[in-house]
Amino acid sequence: MSQKSTTNLSSGLLLLAAGSALSVLLWRRYRGAQPDKLLHQIKQEFDAQPITGSWIDFQPFRYQKRWAYRGGIRQQNREYRFVVATNGQHLVGHWQPLMH
């Protein structure tokens, strides 16, 4: 094998290894984050009045140095907006009236 072929092969293997390592890190970070299950968990806390609607963003964002999701739960004429961490910890929430 020539020197150039050996260099190209080494570079390719190095890039493949780096890509694999990055893939493993990202998989470990995001695999536990299942927004639909987090929304279901938050909805379990609201049994006083019927829930008329709910939503959660599937795109995580950084909140106080952690990954989190935004969501909301509607009950009649108000909505509870919340932020939940990827591990299920309820970070913040507030009620706001719905305008008709």
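Quick note: structure is the one above.
Described below are features of the structure shown in this document. Keep in mind the model is a prediction, meaning the values are calculated, not measured.

### Let's talk about the pattern of salt bridges
Side chains bearing opposite charge may pair, as long as their charged atoms lie close to each other. Inspection of every chain in the model, using the stated rule, returns two salt bridges. Here Arg74 ties to Glu79 by a salt bridge, and the two come within 3.8 Å at their closest N and O atoms. What makes Arg74 partly exposed here is its relative accessible area of 39%. Where Arg81 meets Glu79, a salt bridge forms, and the shortest distance between an N and an O atom there is 2.8 Å. Owing to a relative accessible area of 2%, Glu79 belongs among the buried residues under this scheme. Within the structure, one salt-bridge network assembled from shared partners comprises Arg74, Glu79 and Arg81.

### A look at the packing of aromatic side chains
Scanning the entire structure with this criterion turns up three aromatic pairs. An angle of 70 degrees between the planes, with centres 6.2 Å apart, marks the rings of Phe61 and Tyr63 as edge-to-face. With a centroid separation of 6.4 Å and an interplanar angle of 25 degrees, the aromatic rings of Tyr80 and Phe82 are classed as stacked. Owing to a relative accessible area of 3%, Phe82 belongs among the buried residues under this scheme. Here a set of aromatic residues connected by ring pairs shows up, and it is made of Tyr80, Phe82 and Trp95. Between Arg70 and the ring centre of Phe61, over which it is positioned, the NZ or CZ distance is 3.8 Å. Across from the ring centre of Trp95, 3.7 Å away, lies the NZ or CZ of Arg78, which sits over that ring.

Conventions and cut-offs
Residues numbered from 1 in each chain as written. Predicted model: local features only at pLDDT ≥ 70, side-chain atom pairs only at ≥ 80, totals over all residues. Heavy atoms only, no water. Salt bridge = Lys/Arg side-chain N within 4 Å of Asp/Glu carboxyl O. Buried < 20%, exposed > 50% of the residue type's maximum accessible area, 1.4 Å probe, protein only. Phe/Tyr/Trp six-rings, centres within 6.5 Å; stacked < 30°, edge-to-face > 60°. Lys NZ or Arg CZ within 6 Å of the ring centre and 35° of its normal.

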